[in-house]
There are 4 protein chains.
Amino acid sequence: MTFEETCVRIAKFTEEREWDQFHSPENLAKSIAIEAGELLECFQWSSDADDEELKEELADVMNYCIQMAQKNGFDICEILNDKIDKNEKKYPVEKSKGVSTKYNRL
Amino acid sequence: MTFEETCVRIAKFTEEREWDQFHSPENLAKSIAIEAGELLECFQWSSDADDEELKEELADVMNYCIQMAQKNGFDICEILNDKIDKNEKKYPVEKSKGVSTKYNRL
Amino acid sequence: MTFEETCVRIAKFTEEREWDQFHSPENLAKSIAIEAGELLECFQWSSDADDEELKEELADVMNYCIQMAQKNGFDICEILNDKIDKNEKKYPVEKSKGVSTKYNRL
Amino acid sequence: MTFEETCVRIAKFTEEREWDQFHSPENLAKSIAIEAGELLECFQWSSDADDEELKEELADVMNYCIQMAQKNGFDICEILNDKIDKNEKKYPVEKSKGVSTKYNRL
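**Description of unusual backbone geometry**
Turning to step 1, where the next piece is worked out: Its identity as a non-glycine residue notwithstanding, Glu18 of chain C has a phi of 55°, on the positive side.
Turning to step 2, where the next piece is worked out: Judged by its relative accessible area of 42%, Glu18 of chain C falls in the partly exposed class.

**What to know about empty space enclosed by the protein**
Turning to step 1, where the next piece is worked out: Following the criterion strictly, the structure yields two cavities of 30 Å³ or more and no others.
Turning to step 2, where the next piece is worked out: Taken as a whole, the largest cavity holds about 110 Å³ of empty space.
Turning to step 3, where the next piece is worked out: Lining the largest cavity are 13 residues, with Ala33 and Gly37 of chain A, Ala33 of chain B, Ala33 of chain C together with Ala33 of chain D positioned closest to its centre.
Turning to step 4, where the next piece is worked out: Looking at the lining of the largest cavity, the elements that each hand over two or more residues are helix H2 (25-41) of chain A, helix H2 (25-41) of chain B, helix H2 (25-41) of chain C together with helix H2 (25-41) of chain D.

**Brief notes about a nonpolar patch on the surface**
Turning to step 1, where the next piece is worked out: The grouping of Val99, Tyr103 and Leu106 of chain A at the surface amounts to a nonpolar patch, some 220 Å² of accessible area in total.
Turning to step 2, where the next piece is worked out: Accessibility expressed as a relative area gives 33% for Leu106 of chain A, which makes it partly exposed.

**With respect to a negative patch on the surface**
Turning to step 1, where the next piece is worked out: A cluster of acidic side chains, namely Glu4 and Glu5 of chain A together with Glu4 and Glu5 of chain B, defines a negative patch on the protein surface.
Turning to step 2, where the next piece is worked out: Among the secondary structure elements, those contributing two or more residues to the negative patch are helix H1 (3-16) of chain A together with helix H1 (3-16) of chain B.
Turning to step 3, where the next piece is worked out: Mapped onto the elements of the fold, Glu4 of chain A is located in helix H1.
Turning to step 4, where the next piece is worked out: Under the relative-accessibility criterion, Glu4 of chain A is labelled partly exposed at 42%.

**Here's the deal with the interface of chain C and chain A**
Where interface size is given, it is often the accessible area lost as the parts come together that is meant.
Turning to step 1, where the next piece is worked out: Facing nine residues of chain C, the contacting portion of chain A comprises nine residues.
Turning to step 2, where the next piece is worked out: Together, the buried faces of chain C and chain A total about 690 Å²; carbon and sulfur atoms form 40% of this surface.
Turning to step 3, where the next piece is worked out: With its nearest N and O atoms 2.6 Å apart, the salt bridge here joins Glu26 of chain A to Lys30 of chain C.
Turning to step 4, where the next piece is worked out: The interface formed by chain C and chain A contains six residue pairs in polar contact (both at pLDDT 80 or more).
Turning to step 5, where the next piece is worked out: Examining the composition of the side of chain C that touches chain A, we find that four residues originate from one element, H2 of chain C, more than from any other.
Turning to step 6, where the next piece is worked out: Here the side of chain C that touches chain A is composed, by residue class, of two nonpolar, one polar and six charged.

Conventions adopted
- Residues numbered from 1 in each chain as written.
- Chains lettered and ligands numbered in written order.
- Predicted model: local features only at pLDDT ≥ 70, side-chain atom pairs only at ≥ 80, totals over all residues.
- Heavy atoms only, no water.
- Buried < 20%, exposed > 50% of the residue type's maximum accessible area, 1.4 Å probe, protein only.
- 1 Å grid on protein atoms, 1.4 Å probe; cavity = no way out; pocket = protein on both sides within 12 Å on 5 of 7 lines; lining within 4 Å.
- Points joined across faces, edges and corners; volume = space filled by probe spheres on them.
- Helix = DSSP H or I, 4+ residues; strand = E, 2+ residues; numbered from the N terminus.
- Patch = residues over 30% accessible without salt bridge, like charges linked within 9 Å, V, L, I, M, F, W, Y side chains within 5 Å.
- Areas by Shrake-Rupley, 256 points an atom, 1.4 Å probe, with all protein chains shown as cover.
- Salt bridge = Lys/Arg side-chain N within 4 Å of Asp/Glu carboxyl O.
- Lys, Arg positive; Asp, Glu negative; His and termini not counted.
- Charge placed at Lys NZ, Arg CZ, Asp CG, Glu CD.
- Contact = heavy atoms within 4.5 Å.
- Buried area = accessible area lost by both parts, 1.4 Å probe.
- Polar contact = N/O pair within 3.5 Å; in protein donor to acceptor, adjacent residues only side chain to side chain.
- Nonpolar A, V, L, I, M, F, W, Y, C, P; charged D, E, K, R; others polar.

Right, dumping it as structure tokens:
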């Protein structure tokens, strides 16, 4: 299944359950933060995580992200590429190579 | 640009800056949670958010999610579809239609 | 200044600015998560953090936690001690000594 | 029990279980973010939360915050008051009364 088909399947899952009424942008933002916390829990006491748990938690975060994009009519590829364009300016290769310094301290 | 091409561009961005050394799965999990917090900040005092800020923050979360998948060798479509399979069992349409109840209380 | 006096000062700060209208329990929960993300950012790429930044971000999380307790009429010492009581049962010393295993796997 | 006595009890709980080895500042920062996510989950689909769940989740966040302060040798009242001092300068009453605007946009 392609990424586009997967996104359609996600929209259909929500639609069939009539969950659109709960999925306000604000509730989706909360949901993304909640799932990001569960993803982080895989690494709470160790830098190693169980692969199967990691896959599920990462999928949960991405699933809500996709729904946030759909709800707001955002094109996922467009917002990703627009942000990479900005990051290329904020983090020019010659300045940021091999350092994790934040752009406002470069 | 397709989603697959966008993912390649993300990998290249990190590679050119030699940032792979910082992008351990654990650090990426932290980064996803940090960016999810910034996305949530768009809704801190209101259920309305500025569209442009929202696009950028959502892109940041997704960008790190894509890198987490790449770092661990996960196929994004596969983990998303595997999780939807599970959710279809946890949330059968007839039980979950129109209710936001968590599966363990259904 | 004692902890109790500090809590009074926090309540007064909000009251003077008429911010009570924004500080619904839900908005405070979002604020705690947002500030927890900023605290985590101190450790995004390293296990060492700058002490001054850490102090400020930790204070921000605690400040909103105190406001959440005040808003809901919770006694902070009471809810902390009630939870420690529960944790003592979930994590008996003989079972949990020296291991970071979660209670449901002990 | 006073707040100070509660903090001593928290330190003793960790010490008895020899959990200090897991409680690096970085792991505590992750734990605070994880618990903040669980607190937020009380409000995932609604602005109303169950009081008993809320008390427990809030206590979990505060418990790890107290441990973070202890681990780093921070005085909780001092860091809280130092931050309120700063916030009083960032948010003067006359400018911020009745508005939720962030200080950098005031």
